[in-house]
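Residues per chain, in single letters:
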Amino acid sequence: MRYLALPFPLLACALASLLFSPLAEAAQELSIERLAQALAARGPSHAEYQQTRYLDMLDAPLESRGHLSYRPPDHLVQEQIAPTRQTLTLDGDELILQADGRTRRLNLAESPELAAVATSLRAVLNGQIERLGADYEMTFRSFGEQEWGLELVPRSDPLAAHLDRITVRGRLVDDVALVDRLTIERDNGNANVMRISHPTDTP
Amino acid sequence: MSPRRRSFLALALWIGTLALAVAIIGQTRFTADMSAFLPATPTEAQRLLVEQLQQGGISRTFLIGIEGGTADGRAAASEALKMRLRDEPGFATVQNGGSEDLERARQHLFAHRYLLSPAVDTAHFSREGLTTAIGASIQRLNSPWGDMMADLFPRDPTGEMLQLLDDDDGPSRCCGVWASTNGERTLLIAQAAASGADTDALARANDRIHATFEDIKTELGQTLRLTVAGSPAFAIAARDTIRSEVTGFSAASLLLVTLVLLAAYRSIRVLLAGLLPVASGVVIGIAAVSLGFDQVHGITIGFGTALMGEAIDYSIYFFVQSRQLDQADVVQRHWVRHYWPTIRLGLMTSLIGFAALLFSGFPGLMQIGTYAMTGLVTAALVTRYILPLVGSRLPRGDIAGFGERLAPVLHGLRRLRVPALLAGAVALLIVVAGHDGLWRGTLSGLVPIDPALEAAETRLREDLGSASPRYLIVVKGADRETALQRTERLTPILDRLVENGIVAGFHTPTDLLPSTATQRARQAALPTADTLRARLEVALTDLPVSTDRLDGFVEDVERQRAADPIDLETLRGTPLWLAVAGQLPSDPREGQLAMVTLKETDTEQPIDAAAVRKAIAPVDSATLVDMLGESNRLYRHYLQTTLTVALIGAGAIVLLLFAVQRSPRRTLRTLLPIAIAILLVLAGHRLVGGGLTLLHLIGLLLTVAVGSNYALFFQPGGRDEPMDARTLASLTLATATTVSAFGVLSLSAVPILQAIGAVVAPGALAAFLLAATFARDPSSRGSSPPSGAMPPGRESSP
């Protein structure tokens, strides 16, 4: 019985895995194409995150933190350390949640809704960011030479039924594009903000 | 009474009986289902097992797989097949894991979560309990998975739904329907409306699945492939194989026998007359079975007629042995005086042998026994009283020359007595040394299984994640409520067994359908809306959520507090019904049954049944049933019974022969060839074959039946002349027909036919040759009394 909502956080994680994609030609203007190239060329990566959840029915936001790691082509792990230890793994088509010594599995091909998320995930993970254009209205912005932003707004159901927008903010450090902040806004007013700190941030 | 009048009477009686039998057959119900080859049942657990095998949910559930085409095409075909089959009266339910089914199941669970969740009690809804449960839910919200549960939180802040969904793995899904893990196959299950014992109805349902799929395939224009497995598919395939093989191989046997006889008689009329005893036996045999049993199984006729092969021998004996005389009444008198007593004795030994079938406990075999015994008696009587009237004057080829040429060869066999005895001794050693593995103690192998179907079954079962349940705990109750209450007492016990690693898990109907008492108790633990609000005010003090956000929760608790408890009918229309109803079979004799299935920790290892039995002992009427173990035990019981009866029969045959022959030496010489033949067959099967089954035992009985005829002819009574050339020829001809007919059967893929063929063909041949080897020496001719006058030395020296 699968009734749980869609795993948008994963999409965020996948986007977050752009974090240290080196940009081949730093001199060039930042563009979505360059971002895609960087994405396609990236190797294994690792970062820490802090997440704040704003839930409509709760009076206060929920804080959590943990690690993100990515291994090409499609192995992605979000390991939450506090307040509870839980791990969410994407392995190919399979989503695995481990918590309290139990493991739950979910296949991304299971339903049309999940499949839509899976398509986005794969597009991001495989560096085919342009494919996202089919499902999302994409807006790329660069703020000067150092900072950039990407906004994804789903075009149609089933994604649009649950998701308002995903916003990514990043910067460029030594020819490497880093994601600093990821925001997911849900249709019900709930939102997640993930702040990512990279190993390169601490000298 | 003048001979003419006697003949007329005999003919009138024969024709009258045949007419009556035909009339009875006209009223007879014939069936083709296989359940007759499941044992009738001696104990309660075993009766339940057979019922489950015959009628239970499993026995009428088809497993369906669709492959090929595109993923969307497979999903569309799955949906279309489900929708169309659901409208057919032949199906009770069809499921494919479609999203609307899941949604319906989810809605049912959600709407009744406070009646279903085992967590619901007064403590859970106390202030502290609410703080703990809601606090835990908020923790879950704050996890990588959290967003996926956020929608549920406002109405289910205590997390009952998660409890209910926790253990449910279910099959994988792809594109909105059940699919194999690799996504290459969509899966459905379809339960036929008919009883699992009604193979005809199952076959119709099977045809509907195939036909509907063909339509859908054409409409979709994709190259999709359909696989249908599940117990009913096996039953249908087994029946079809048996039907076609019984027909085919019986026809082949008949053709061979006809050719052999035609070569010998060189007359079609004689051939036809020779079939009169068998044909009469078939007709009267069917009528007798029809009178004794509700319905006649098709297999009985195909298979029982093979057992009646001995009857062909009768007419062979008559036609060959009475060749030399031309006058009908002289023929009759001579043949009746010289040969009939031997045949009659042979008939009696056969009847004793076949009587073992009547005690086998398998209704199918009991039918076959009845059929073969009635048929043989009829055939013998027709040979004795009718054939001399209609057949004596028929011109026919004489095979006395053949017998004369054969005589020296067979005579030469007498030199092989010592080797024959040695061979018998070696065979005896093999059988005694290997008696452990001689008989196969499992039920498997009684029905033919198509390996391709078996592979498909394994694949689909794995895909659906449904291991075939071997271990069941059965609970009985006068009504459903009692049975459910007792079953609920098992849950904590089984939880402990899972913790201790004795079982891996269990599936109980009370998860989805708790007893009314339990549901009422849970309702009683739910506070009223006002109380709940007041408790929440306090409980939520330290949590980041306020009471007014949880109005939906308060509403739902209030609604379910006052709702009617769920019963089986509430589940109808949800996919949950199939699972629950299948575990709650009601039984006219036992009242209500509830079944809990256990999952083994290791499929290779049987579970510790003693530990489970001990643990569940406190629960009234709870019994552990090991389906595989039970069916094997059941089968061994029948095998044992039949073996015992067969041995008693063997003893009876010895006594009978001794009573008639009045000479221990002659009886010994009659029995020795049969005994050695049986030992050789047993040893042969021990060395090259798998274990012997009940069916082989029946083959052995038949071997004794035909073998005893040969041996009796080779050991004529004291004052009779030793065997003449015609008798020898008739025996050889009879052996040839038996060996060829059963040799053909041994090539069949149907275990029933193959087993009989592989025993009777070599057994009959060995019995014939050994009977010749141990034939009474011609030099004892005229000596009277023969046995006493025979020098001991001549007996054993070659």
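*Asks:* Even after reading the chapter, I still don't get the packing of aromatic side chains, so can you show me in this structure?
*Replies:* Two aromatic rings are characterised by how far apart their centres lie and by the angle between their planes. All names here are of chain B. Tallied over the full model, the rule gives nine aromatic pairs over all chains. An aromatic cluster of at least three residues, connected via ring pairs, comprises Tyr114, Phe125 and Phe553. Between the NZ or CZ atom of arginine 106 and the centre of the ring of phenylalanine 110, over which it lies, the distance is 5.7 Å. One cation-aromatic arrangement involves arginine 113 over phenylalanine 110; the distance from NZ or CZ to the ring centre is 3.9 Å.

*Asks:* What exactly am I supposed to notice about the side chain of arginine 113 of chain B here?
*Replies:* The residue arginine 113 of chain B is located in helix α5 (residues 113-116) in this model. Ignoring any residue separated from it by four or fewer positions in sequence, one finds arginine 113 of chain B in contact with Arg155, Asp156, Glu160, Leu164, Asp556 and Gln560 of chain B.

*Asks:* How do you make sense of the environment of tyrosine 317 of chain B when you look at a structure like this?
*Replies:* Residue and element names in this part refer to chain B. Its place among the elements puts tyrosine 317 in helix α12 (residues 309-321). Since its relative accessible area comes to 0%, tyrosine 317 is described here as buried. Taking the C-alpha atoms as reference, tyrosine 317 lies 8.7 Å from isoleucine 343; in sequence the two are 26 residues apart.

*Asks:* Please explain the pairing of strand β4 (residues 75-82) of chain A as it appears in this structure.
*Replies:* Note on strand geometry: in a regular strand, side chains alternate between the two faces of the sheet. Residue and element names in this part refer to chain A. Bridge count for strand β3 (residues 62-71) against β4 is seven bridges, and the pairing is antiparallel. Among the inter-strand pairings, tyrosine 70 is bridged to a residue of β4, identified as leucine 76. In this structure, the hairpin formed by β3 and β4 is closed by a connection of three residues. In the sheet, β4 pairs with strand β5 (residues 86-91) via six bridges, with the strands oriented antiparallel.

*Asks:* Looking at this structure, how should I read the pattern of salt bridges?
*Replies:* Where charged atoms from two side chains of opposite charge come close, those side chains can pair. Residue and element names in this part refer to chain B. Considering all chains together, one arrives at 29 salt bridges over all chains under this definition. A salt bridge links aspartate 463 to arginine 185, with the shortest nitrogen-to-oxygen separation between them at 2.8 Å. With a gap of 278 residues between them, aspartate 463 in helix α19 (residues 451-464) and arginine 185 in strand β6 (residues 185-192) connect regions that are remote in the sequence. Judged by its relative accessible area of 9%, arginine 185 is buried. One salt bridge connects arginine 486 with aspartate 620, and the closest N-O pair in it is separated by 3.9 Å. Separated by 134 residues along the polypeptide, arginine 486 in helix α20 (residues 480-499) and aspartate 620 in the loop between α26 (609-616) and β13 (623-626) bring together distant segments of the chain. Through salt bridges with shared partners, a single ionic network connects Arg113, Arg155, Asp156, Glu555, Asp556 and Arg559.

*Asks:* I tried to follow the nonpolar core on my own but got confused; where do I start?
*Replies:* Soluble globular proteins tend to bury their nonpolar side chains together. Residue and element names in this part refer to chain B. In this structure, Tyr314, Tyr710, Phe714 and Phe742 are the most contacted members of the largest nonpolar core, which totals 113 residues. A total of 14 residues in this core trace back to one element, the largest contributor, which is helix α31 (residues 751-773). Every residue in contact with phenylalanine 742, bar those within four places of it in the chain, is listed here: Ala306, Leu702, Ile756, Gly757, Val760 and Ala761.

*Asks:* Whenever I open this one, the sheet that holds strand β3 (residues 91-95) of chain B confuses me. Can you help?
*Replies:* Pairing between the strands of a sheet comes from backbone hydrogen bonds, and it takes one of two forms, parallel or antiparallel. Residue and element names in this part refer to chain B. Strands sit in the order β3-β6-β2-β7 across an open sheet of four strands; the sheet is antiparallel. The open sheet has two free edges, formed respectively by β3 and β7 (224-229), since each of these has just one partner strand. The average undirected angle you get between the axes of adjacent strands in this sheet is 20°. Across four bridges, the pairing between β3 and β6 is antiparallel. Opposite glutamine 95, over in β6, you have isoleucine 189 as the bridge partner.

*Asks:* What is the right way to look at the packing of helix α17 (residues 417-433) of chain B against helix α28 (residues 664-688) of chain B in this model?
*Replies:* Two quantities define a packed helix pair, namely the angle between the helix axes and the distance between the axes. Residue and element names in this part refer to chain B. Running from N to C, α17 and α28 point in directions that differ by 50°, and their axes come no closer than 8 Å. In this view, α17 runs oblique relative to α28, as classed from their interaxial angle. Every pair of crossing elements has a handedness; the one defined by α17 and α28 is left-handed. Contacts between α17 and α28 involve Arg417, Ala420, Leu421, Ala423, Gly424, Ala427, Leu428, Ile430 and Val431 from the former and Arg669, Leu672, Ile676, Leu679, Leu680, Leu682, Ala683, Arg686 and Leu687 from the latter. Looking at the contact of α17 with α28 residue by residue, the class counts come to 14 nonpolar, one polar and three charged.

*Asks:* Explain the interface of chain B and chain A here, please?
*Replies:* The accessible area lost on association of the parts is a frequent measure of interface size. Each partner contributes residues to the interface: chain B has 36 residues there, and chain A has 38 residues. Taking both sides of the interface into account, the surface hidden between chain B and chain A amounts to around 3,500 Å²; carbon and sulfur atoms contribute 57%. For the pair chain B and chain A, the number of links is two salt bridges. Residue aspartate 56 of chain A is joined to arginine 549 of chain B by a salt bridge in which the shortest nitrogen-to-oxygen separation is 3.9 Å. In this assembly, chain B and chain A are joined by seven residue pairs in polar contact (both at pLDDT 80 or more). Put simply, the parts of the chain that give the side of chain B that touches chain A at least two residues each are α4 (99-111), α6 (127-141), α7 (160-166) and β4 (173-174) of chain B. Per-element accounting of the side of chain B that touches chain A gives the leading share, four residues, to α7 of chain B.

*Asks:* Mind showing me how you'd approach the packing of helix α29 (residues 694-714) of chain B against helix α30 (residues 725-745) of chain B here?
*Replies:* Residues and elements named next belong to chain B. Two elements in contact, α29 and α30, have axes separated by 10 Å at closest approach and are oriented at 165°. Relative to α30, the element α29 lies roughly antiparallel. When you trace α29 past α30, the crossing you get is left-handed. Along the contact surface, α29 presents Leu702, Tyr710, Phe713 and Phe714, while α30 presents Thr727, Leu728, Leu731, Ala734, Thr735, Thr738 and Phe742. Per-class residue counts for the contact of α29 with α30 are eight nonpolar, three polar and no charged.

Cut-offs used in this document
- Residues numbered from 1 in each chain as written.
- Chains lettered and ligands numbered in written order.
- Predicted model: local features only at pLDDT ≥ 70, side-chain atom pairs only at ≥ 80, totals over all residues.
- Heavy atoms only, no water.
- Phe/Tyr/Trp six-rings, centres within 6.5 Å; stacked < 30°, edge-to-face > 60°.
- Lys NZ or Arg CZ within 6 Å of the ring centre and 35° of its normal.
- Helix = DSSP H or I, 4+ residues; strand = E, 2+ residues; numbered from the N terminus.
- Contact = heavy atoms within 4.5 Å.
- Buried < 20%, exposed > 50% of the residue type's maximum accessible area, 1.4 Å probe, protein only.
- Pairing = 2+ DSSP bridges.
- Salt bridge = Lys/Arg side-chain N within 4 Å of Asp/Glu carboxyl O.
- Core = buried A, V, L, I, M, F, W, Y, C linked by side-chain atoms within 4.5 Å.
- Axes fitted to C-alpha atoms, helices over the stretch in contact; angles between N-to-C directions.
- Parallel < 35°, antiparallel > 145°, perpendicular 65-115°, else oblique.
- Left-handed = near helix turned anticlockwise from the far one by under 90°.
- Nonpolar A, V, L, I, M, F, W, Y, C, P; charged D, E, K, R; others polar.
- Buried area = accessible area lost by both parts, 1.4 Å probe.
- Polar contact = N/O pair within 3.5 Å; in protein donor to acceptor, adjacent residues only side chain to side chain.

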